[in-house]
Amino acid sequence: MKRLACSLILLVCFAVTVRAAEPAEGKIRVLLTFGGHGFQQEPFFKMFDDMPDVEYTKAPLPQSAALLEPGLKKQYDVIVMYDMVGGITPEQQKAFVALLETGIGVVSLHHNMGAHRNWDEFRKIIGGKFVFGPTKIDGQECAKSTWSHGEDMKVTVVDREHPITKGLADFEIHDETYGNYYTSPDVKVLLKTDHPKNDPELAWVKDYGKSRVFYFMLGHDNQAWSNPSYSDVVHRGIRWAAD
C-alpha cells in the first residue's frame, strides 16, 4: 500500500511538472537573445516581466545560436534580439535564414543593428546596419557610424495607422543616439527624430521571407527602458510581430 501511495505521488508530481513547463494559455512566447554588449540586466528583463501577455526565455549568443533553425516556431512566436554578437557559424547563418523563410516574428532592438558585422545578409534581415568603418552598401558610400550617450530626444510618430503606432502619442526620451547608420530604402518607417546626432529613422517594419520584422533603434539603458512610451512601443512591436 505504501509503495502504491508513493507511485501515485510520483505520478502527480510528474504531471504538475509537465503542466508547469507548458506555455501559459494566451501568452506570446518570446526567445530573447543577448550577448556581445554589456547592459543592465535586471531592469532590462524587468521590462519584459511587466508585460502580462508575454513569457520569455533568455538565449545568450553565440552559445544559443543553434536554436535559430527551422522548427523554432513550434516553441516561440517571436525572437527579440538585443544581442550584438560578433557572428555565428556559416551553418548557423543558413539555418537562421531558413527559419525566417518559414516564418517567425522578429523584434530587433538598439545595438542589435551592430551584430553580425561581417554577415551582409543580416542587414537585409533587419533593414539596417551600424557601420564600423567606411564602406559601400548597395552602391551607396557609408561613413563610419557614431554614437553619443545621454541625449534628450524627441520621438515623432510618422505612421499613425500602423498597428504598432496607432494611438501612440509623440514622446521624449533620454537615450543614446546613433548617427550615420545604414537604413534600407525598402523599410516602412514608423518613428522619427530630429535630433542632430541621430539619423531621422528610429523605428521601422519590413518583411523577410515569411517573417514580420520590427526594428527599434532606441534602448541603451534603464533611462530608456523605464520610459513608459519605450516599453509600450516594444510591447506593441512584439504583439505585431507575433501576428
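Keep in mind that this is a model prediction, so the values were computed, not measured.

Colleague: Help me understand unusual backbone geometry in this model?
Modeller: Most peptide bonds take the trans form, and the phi angle of most residues other than glycine is negative. Here the amide bond leading from Leu-61 into Pro-62 is cis, since omega sits at 10 degrees, within 30 degrees of zero. Within the secondary structure, Pro-62 sits in the loop between strand 2 (54–60) and strand 3 (78–81). Its identity is not glycine, yet His-116 carries a phi of approximately 50 degrees, on the positive side. Mapped onto the elements of the fold, His-116 is located in the loop between strand 4 (105–109) and helix 4 (120–126).

Colleague: Whenever I open this one, the pattern of salt bridges confuses me. Can you help?
Modeller: If the charged atoms of two oppositely charged side chains come close together, the side chains can form a pair. Scanning all chains against the criterion turns up 11 salt bridges. In this structure, the salt-bridge partner of Asp-120 is Arg-123, at a minimum N-O distance of 3.0 Å. On the criterion of helical spacing, the pair formed by Asp-120 and Arg-123 is a turn pair, its members being 3 residues apart in helix 4. Since its relative accessible area comes to 38%, Asp-120 is described here as partly exposed. Where Arg-212 meets Asp-243, a salt bridge forms, and the shortest distance between an N and an O atom there is 3.5 Å. With Arg-212 in strand 13 (residues 211–216) and Asp-243 in the segment after helix 6 (228–242), the pair connects residues that are 31 residues apart, well separated along the chain. Assessed through its relative accessible area of 70%, Asp-243 is described here as exposed.

Colleague: Just checking my understanding: could you explain helix 6 for this structure?
Modeller: An α-helical turn contains 3.6 residues, so any two residues separated by three or four positions project in the same direction. A rise of 1.5 Å per residue sets the reference length of helix 6, with its 15 residues, at 21 Å; its end C-alpha atoms lie 21 Å apart and thus fit the reference within 8%. Across the 15 residues of helix 6, 11 count as buried, placing the element largely inside the fold. What helix 6 keeps buried is the set Ser-229, Tyr-230, Val-233, Val-234, His-235, Arg-236, Gly-237, Ile-238, Trp-240, Ala-241 and Ala-242. At the N-terminal end of helix 6, a side-chain oxygen is found 2.9 Å from the backbone nitrogen of Ser-229, two or three residues along, and the residue is Asn-227. Taken from the residues just after helix 6, Asp-243 is the one with a positive phi, measuring 55 degrees.

Colleague: Would you mind going over the sheet that holds strand 4 with me for this structure?
Modeller: Within a sheet, each strand pairs with its neighbour through backbone hydrogen bonds, oriented either parallel or antiparallel. The 9 strands lie next to each other as 2-1-3-4-13-12-11-8-9, forming an open sheet whose pairing is mixed. In the strand order of this sheet, the two ends are held by strand 2 and strand 9 (171–179), each with one partner. Pairwise comparison of adjacent strand axes, ignoring direction, gives a mean angle of 30 degrees for this sheet. In this sheet, strand 3 lies alongside strand 1 (residues 28–34) in parallel orientation, the contact comprising 4 bridges. Directly across from Val-30, in strand 3, lies its bridge partner Val-78. Sheet contacts for helix 2 (residues 41–49): strand 1, strand 2, strand 3 and strand 4; angle to strand 2, the most-contacted strand, approximately 145 degrees.

Colleague: Can you help me understand the confidence of the model for the protein chain in this one?
Modeller: Where the model shows low pLDDT, its predicted coordinates should not be examined in detail. Confidence along the protein chain averages 91 in pLDDT terms, with 90% of residues attaining 70 or more. Considering only residues more than four positions removed or in separate chains, one finds that residues 1–22, a stretch of pLDDT under 50, has 0 contacts.

Colleague: Can you help me understand the side chain of Thr-177 in this one?
Modeller: Within the secondary structure, Thr-177 is located in strand 9. The exposure class of Thr-177 is buried, given its relative accessible area of 0%. Once you skip the residues sitting within four places of it in the chain, Thr-177 turns out to touch Thr-146, Trp-147, Ser-148, Glu-151, Met-153, His-195, Lys-197, Asn-198 and Met-217.

Colleague: Would you take a moment to explain the environment of Phe-96 for this structure?
Modeller: Examined against the element boundaries, Phe-96 turns out to sit in helix 3 (residues 90–102). For Phe-96, a relative accessible area of 1% gives the class buried. Remark: the alpha-carbon pair of Phe-96 and Glu-69, spanning 27 residues in sequence, is separated by 5.2 Å. Those residues in contact with Phe-96 that sit more than four places away from it in its chain are Leu-68, Ile-79, Met-81, Trp-119, Phe-122 and Ile-125.

Cut-off values and rules
All residue numbers here refer to positions counted from 1 along the written sequence of the relevant chain. A pLDDT threshold of at least 70 governs which residues receive local features in this predicted model, and a stricter bar of 80 or more applies before side-chain atom pairs are shown or counted, although totals over entire chains, interfaces and linings include all residues. As a convention, hydrogens and water are excluded, and side-chain values are obtained from all of the structure's heavy atoms. Comment: elements are numbered from the N terminus, with helices defined as DSSP H or I runs of at least four residues and strands as E runs of at least two. A pair is scored as a salt bridge if a Lys or Arg side-chain nitrogen falls within 4 Å of a carboxyl oxygen belonging to Asp or Glu. Remark: exposure states derive from per-residue accessible area (1.4 Å probe, protein chains only) relative to the maximum for the residue type, with buried under 20%, exposed over 50%, and partly exposed in between. For a helix, the expected span equals 1.5 Å multiplied by the residue count minus one. Contacts described as polar in this section are N or O atom pairs within 3.5 Å, which, within protein, must combine one atom able to donate a hydrogen with one able to accept it, while residues neighboring in sequence count only if both atoms come from side chains. Two strands make a pair as long as DSSP finds a minimum of two bridges between them. Working convention: axes come from line fits to C-alpha atoms, limited for helices to the stretch in contact. Angles between N-to-C directions cover 0 to 180 degrees. Working rule for contacts: check all heavy atoms of both residues, and any pair within 4.5 Å makes them a contact. Scored from 0 to 100, pLDDT reflects the predictor's confidence in each residue.

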